[in-house]
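Residues per chain are reported as follows:
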Amino acid sequence: MSIQTTLPEPVGYVVGESKPYRATVLSFRPLMLGEYLYLEYHGYSVLAMVQSTTTGSPIISDNIVDPRDVERLIKFVRSGERVFYHRASIKILGHVSNGGKLTIPPVPPPPGTEVFKAPKTVLFKVFRPSGKEFVRIGTLLREPDVEVRVNINKIVSRHLAILAMTGMGKSNLVALLAKRIAELGGTVVIFDYHGEYGSMKLSRIFVNVLSPVLNPRKLSFEELARMLNIRSNATRQRMALYECFEQIKHSDTKTSFFDALKKCLATRATRYGVAAQKVLEAVTTYERYLGKILDDSVDDVLNRMALGAINVVDLSELHTPQADAVVAHWLHRLLDARKEWIWSGGRKGLPVPVIAVIEEAHAFISNDESTATRSSAESIAREGRKFGVGLVIVSQRPRGLDPNILSQIGNLAVMRIVHPEDQNYIAKHCEPITQDIVEELPGLNVGEAILLGEWVKIPSVVKIDLVSEKSVGMDVDAVGEWSKLANS
Ligand SMILES: Nc1ncnc2c1ncn2[C@@H]1O[C@H](COP(=O)(O)OP(=O)(O)O)[C@@H](O)[C@H]1O
Ligand SMILES: [Mg+2]
């Protein structure tokens, strides 16, 4: 179906040689990077985007050696003669079908094809699809009245990485997504490294702030062994710990977990000798340190989580290894509880899909340290899709992220990144991004993001909405605060 009749004057024409996915346009005005264009050829209605734009002149050329010649030529231009050209290379995004789906036509646009500014009706179809799973997250950077919606289902099925330098709007996007998901009745768990989400006040949405403590009896044996720093090849130590943990896991909770554990280990000296003694020493050494994250009196994490709400696990008072143990426990419990739900046919386990967000992900899913979270997160990245557990990783240091996990993530929101190592790393390990997009990253401002992957129909450059309800995490006005004190 052609919409040619409603189109205004063309902005230019296709010239030279074109390909099905690329063409050159000679235009009446300079075209903007990222601007959307519209063409019709061979029965296709095609959306395209400006990928590079050039202005030049065959007359005011770089062969001129005398600036006075340029002056004379400029006078000539003022008298109305046209001496420059505007040329752009455009990327053909696809034929726009009625549902807003885009498919690249198998034929290139012929030279002489008229090129128009993309009509709003076409942009709305592509960027503002209807359906419950699509939520608003901002507007097109170059077309501020075109709303951009993303598909939340795809975050659950293909995960998301939010990557950018500090202060570019990552946490704001997390807050926005959490708010949108909760508005849909969805459940989110944010691991809040800086303690910046707990104070968020949202109307009609419950923000459930959780302290980062775990019930030690709900740990897995591997988790406990890791917390006590028992090496994986210390077989006898592990056996002593295993026996005692099994014994006290189900015992009454009147005796504290650590007291019961120590008491039991003392009785294992005859069977395991020094090994039992070593474990006992480890328990004594780490008891206080672990006291910050282990507490007999708290309920299991799954019971403390609120469904249809934003759960914020406040990690701000923990050291990174403690926080790592907490995040790892949550992640593996969430995945296991969803497996249980699916496998029991909905009789046991966690009844709803969930999205987990890891801030400062390079500390937890690091490419050089084998953290506890790395293996939990890897399981979710690999099989979360089948069970309805989505993972969102947020980082200002993409080059520190585990490449295996990064390569399993199908959706990206990237904002300003100038460090070449970070740029190269994401170009190499993130499936949806290409080198030409990476080159655009330094040109973005705060709150501007390139969205890639299945949660959008096409790569989109977006101005993300600001979540005014989240005030913590904003830059401190140090000079302002000092002057207040000085004047008081
Ligand atoms: N989409 C946006 N629109 C306008 N301002 C924004 C936007 N996103 C972030 N900001 C501003 O930038 C500041 C830092 O954002 P934040 O999300 O905390 O960055 P990051 O998590 O990447 O360090 C915010 O306090 C806010 O003032
Ligand atoms: Mg942040």
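You'll find the structure just up there.
What comes next concerns the included structure.

### Points about the packing of helix α6 (residues 235–249) against helix α7 (residues 257–267)
When two helices pack together, you describe them by how their axes are tilted relative to each other and by the distance separating the axes.
Then step 1. One can describe the packing of α6 onto α7 by two numbers: an axis separation of 9 Å at closest approach and a directional angle of 130°. As far as their axial angle goes, α7 and α6 are oblique. Considering the relative orientation of α6 and α7, their crossing is right-handed. Within the contact between the two elements, α6 uses Ala240, Leu241, Cys244, Phe245, Gln247 and Ile248 and α7 uses Phe257, Ala260, Leu261, Cys264 and Leu265.
Then step 2. Across the contact of α6 with α7, the residue classes tally to 10 nonpolar, 1 polar and no charged.

### Quick notes on the state of the cysteines
Then step 1. Counting across every chain of the model gives 1 disulfide.
Then step 2. Covalent S-S linkage joins cysteine 244 and cysteine 264, the inter-sulfur distance amounting to 2.1 Å. Handedness of the cysteine 244-cysteine 264 disulfide follows from its S-S torsion of about -85°: it is left-handed. Of this pair, cysteine 244 sits in helix α6 while cysteine 264 sits in helix α7; the two residues are 20 residues apart in sequence, bridging distant segments of the chain. Taken individually, cysteine 244 and cysteine 264 each receive the classification buried, so the pair is uniform in this respect.

### Some details on the packing of aromatic side chains
Then step 1. Inspection of every chain in the model, using the stated rule, returns 8 aromatic pairs.
Then step 2. The interplanar angle of 85° and the centroid separation of 5.2 Å between the aromatic rings of phenylalanine 221 and tyrosine 242 together place this pair among those described as edge-to-face. On the criterion of sequence distance, the pair formed by phenylalanine 221 in helix α5 (residues 221–227) and tyrosine 242 in helix α6 is long-range, its members being 21 residues apart.
Then step 3. On the basis of relative accessible area, phenylalanine 221 is assigned to the buried category, the value being 14%.
Then step 4. Joined through ring pairs, the aromatic side chains of Phe245, Phe257 and Phe258 make up one cluster.
Then step 5. Above the ring of phenylalanine 124, the side-chain terminus of arginine 128 is found at 4.2 Å from the ring centroid.
Then step 6. Cation over ring: lysine 470 sits above tyrosine 197, and NZ or CZ is 5.4 Å from the ring centre.

### Re helix α15 (residues 420–429)
Then step 1. Taken together, the buried positions of α15 are Asp422, Gln423, Tyr425, Ile426 and His429. An end-on view of α15 places all buried positions within 165° of arc, on one side of the element.
Then step 2. Buried positions along α15 lie against β10 (160–163), α14 (403–407), β16 (411–414) and α16 (435–438).

### Details of the sheet that holds strand β18 (residues 460–464)
Then step 1. Taken in spatial order, the 11 strands make up an open sheet running β9-β8-β18-β17-β16-β10-β15-β14-β11-β13-β12, and their pairing is mixed. Because the sheet does not close on itself, it has two edges, and the strands there are β9 (143–151) and β12 (207–210). If you compare each strand with its neighbour and ignore which way they point, the axes differ by 30° on average.
Then step 2. Where strand β17 (residues 448–453) lies against β18, 4 bridges are found, and the strand directions are antiparallel. Among the inter-strand pairings, isoleucine 450 is bridged to a residue of β18, identified as valine 461.
Then step 3. In the packing of helix α2 (residues 120–127) onto the sheet, the strands contacted are β8 (134–140), β9 and β18, and the crossing angle to β9 comes to about 25°.

Thresholds applied
Residues numbered from 1 in each chain as written. Chains lettered and ligands numbered in written order. Predicted model: local features only at pLDDT ≥ 70, side-chain atom pairs only at ≥ 80, totals over all residues. Heavy atoms only, no water. Axes fitted to C-alpha atoms, helices over the stretch in contact; angles between N-to-C directions. Helix = DSSP H or I, 4+ residues; strand = E, 2+ residues; numbered from the N terminus. Parallel < 35°, antiparallel > 145°, perpendicular 65-115°, else oblique. Left-handed = near helix turned anticlockwise from the far one by under 90°. Contact = heavy atoms within 4.5 Å. Nonpolar A, V, L, I, M, F, W, Y, C, P; charged D, E, K, R; others polar. Disulfide = S-S within 2.5 Å. Buried < 20%, exposed > 50% of the residue type's maximum accessible area, 1.4 Å probe, protein only. Phe/Tyr/Trp six-rings, centres within 6.5 Å; stacked < 30°, edge-to-face > 60°. Lys NZ or Arg CZ within 6 Å of the ring centre and 35° of its normal. Arc of directions from axis to C-beta. Pairing = 2+ DSSP bridges.

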